[in-house]
Amino acid sequence: MKSQMKCYSSSEGISQVVDNMSEHSNCLLHGYEFERKLGKGSQGQVWLVKRKSDGGRVAIKCLNIASVKTWKKYELFMREASILQSLCIEGVVPFYEYIEDLENHPPLVCIVQKFIEGQTLADMLKAKHRFLDESIYDIIAQVLRILQSLHEHQPPVIHRDIKPSNILYDALQNKVMLIDFGSVATPAKKTEGSTVAGTQGFMAPEQMLGECTTQSDFYGLGATALNMLTGVSPVNLGYDKVNPFQLKFDEIFKKINISQSTQNLLTHLLSPQIEDRPQTTTELQETIENHSNAVLSMNHSSQSASLLAKWFSNPIVQTMTLLGIIVLIIGLSIATSNIIPIIALVILGILIFVIFHFSKTKPQTLDSDLTTRTLPCVNGYTNNEMIIQHVLNNR
């Protein structure tokens, strides 16, 4: 489906002049009014500002050229601005303008985009949110639709840095946005030399060699899903000794509650070999849909079983059920003048007593919020994290 959003050109405000933006100047720009800093990196900052012309809130990402160690960083920033300007894709934050002032002290280049409310998935993980299988499948399916538009763009666009901190989630609308195109690549415009871009643990093995394909983004999507399921960054899981490009997640799968269908999907996405991953977004969409249906079916069965267990854990229900069975058997015994039902009644009563006595476990409480769940936390660690930490410490 084509996006209906309006696209903006950098030509509308490229003549804006940047004031001196040091660490203490609060990033004041002509035409913009500073509100607050949203984030800071080693070479740049992101600010929330308000346009003086109409009061609209925008996000400005600024690169301090003086702090850039290699000119490649500056090239990547300009590439990000150029590609964002060419995109009109639902799920990608709209681009407004590119501002450059090399005469400023320090010299600056800035990208202005629409400000989007929401939390990144990384923020949610830090807040101890844990995602249900259903919500994870929904989120990765939404990201995949964005990737499909990027990969089908001419020229194709590869994000190269799919990770929780680059996925913005609006819980009210259940909608995700893909952000930070600072590592983006366009294979159709290859230049001499290779650039290693991405985040350790989330970037595919070929990216470590300076190469990338559309399947590289699929690997990042799998690593993101793994992080959401376990609450642990993939880089902390370590790599296989025999195959240094293979993440060691088998031990984690054995210790925490992950469905077999989800395990198969993650294994597929996180394969070190490009050819072993899904080859197209269409193929991956079908795979995700199949796995999602399997997980939903399993979860519905599990919920039904839990509700049934909760029902029969009620002492009143237990008593009424037992009395009903006793009355039924006595009635049959009188009607047939047979002592065997009486003997069967005694045995059945003993079995029922034993079963009810040893199965009085508290049923699992189903979270009413199907988007996220918070696991019990002990000494700052959730149950999953304690299990994972134990596995990592005893490898």
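For the structure itself, consult the block above.
Here is what the cut-offs are and how they apply
- Residues numbered from 1 in each chain as written.
- Predicted model: local features only at pLDDT ≥ 70, side-chain atom pairs only at ≥ 80, totals over all residues.
- Heavy atoms only, no water.
- Phe/Tyr/Trp six-rings, centres within 6.5 Å; stacked < 30°, edge-to-face > 60°.
- Helix = DSSP H or I, 4+ residues; strand = E, 2+ residues; numbered from the N terminus.
- Buried < 20%, exposed > 50% of the residue type's maximum accessible area, 1.4 Å probe, protein only.
- Salt bridge = Lys/Arg side-chain N within 4 Å of Asp/Glu carboxyl O.
- Axes fitted to C-alpha atoms, helices over the stretch in contact; angles between N-to-C directions.
- Parallel < 35°, antiparallel > 145°, perpendicular 65-115°, else oblique.
- Left-handed = near helix turned anticlockwise from the far one by under 90°.
- Contact = heavy atoms within 4.5 Å.
- Nonpolar A, V, L, I, M, F, W, Y, C, P; charged D, E, K, R; others polar.
- Pairing = 2+ DSSP bridges.

**Q** Could you give an account of the packing of aromatic side chains, with specific residues and numbers?
**A** Inspection of the entire model under this criterion finds two aromatic pairs. Here Phe34 and Trp47 contribute two aromatic rings whose centre-to-centre distance is 5.0 Å and whose plane-to-plane angle is 70°, an arrangement assigned as edge-to-face. Here Phe34 is found in strand S1 (residues 32-40), whereas its partner Trp47 is found in strand S2 (residues 44-51), with 13 residues between them in sequence. Judged by its relative accessible area of 2%, Trp47 is buried. When the ring of Trp71 is compared with that of Tyr74, the centres are 4.5 Å apart and the planes differ by 45°; the resulting orientation is tilted. Within this pair, Trp71 and its partner Tyr74 are both found in helix H1 (residues 71-86), separated by three residues, close to a single helical turn.

**Q** Summarise the pattern of salt bridges; cite the residues concerned and give the values.
**A** Tallied over the entire structure, the rule returns eight salt bridges. A salt bridge links Glu206 to Arg277, with the shortest nitrogen-to-oxygen separation between them at 2.9 Å. Taken as a pair, Glu206 in helix H4 (residues 205-208) and Arg277 in the loop between helix H7 (260-269) and helix H8 (281-312) lie far apart in primary sequence, 71 residues in all. Judged by relative accessible area, Glu206 falls into the buried class, the value being 8%. Taking the relative accessible area as the measure of exposure, Arg277 reaches 1% and is therefore buried. Members of the salt-bridge network, linked through shared partners, are Glu35, Arg57 and Glu117.

**Q** Any chance you could break down the packing of helix H3 (residues 133-151) against helix H5 (residues 214-230) for me, citing the residues and the numbers?
**A** Axis separation between H3 and H5 bottoms out at 11 Å; the angle between their running directions is 160°. Relative to H5, the element H3 is oriented roughly antiparallel. Handedness of the H3/H5 crossing: right-handed. Each of Asp133, Ile136, Ile139, Ile140, Val143, Leu144, Leu147 and His151 in H3 lies in contact with H5, whose residues at this interface are Thr214, Asp217, Phe218, Leu221, Ala225, Met228 and Leu229. Residues that form the contact of H3 with H5 fall into these classes: 11 nonpolar, two polar and two charged.

**Q** Explain the sheet that holds S1 to me, and be specific about the residues and the numbers.
**A** The antiparallel open sheet is built from five strands, whose spatial order is S1-S2-S3-S5-S4. Across the chains shown, the open sheet's two edge strands, defined by having one partner strand only, are S1 and strand S4 (95-101). Each neighbouring strand pair of the sheet contributes to a mean axis angle of 25°, computed without reference to strand direction. The sheet contact formed by S2 and strand S3 (residues 57-64) spans seven bridges and is antiparallel. Paired with Gln45 across the two strands is Cys62, which belongs to S3.

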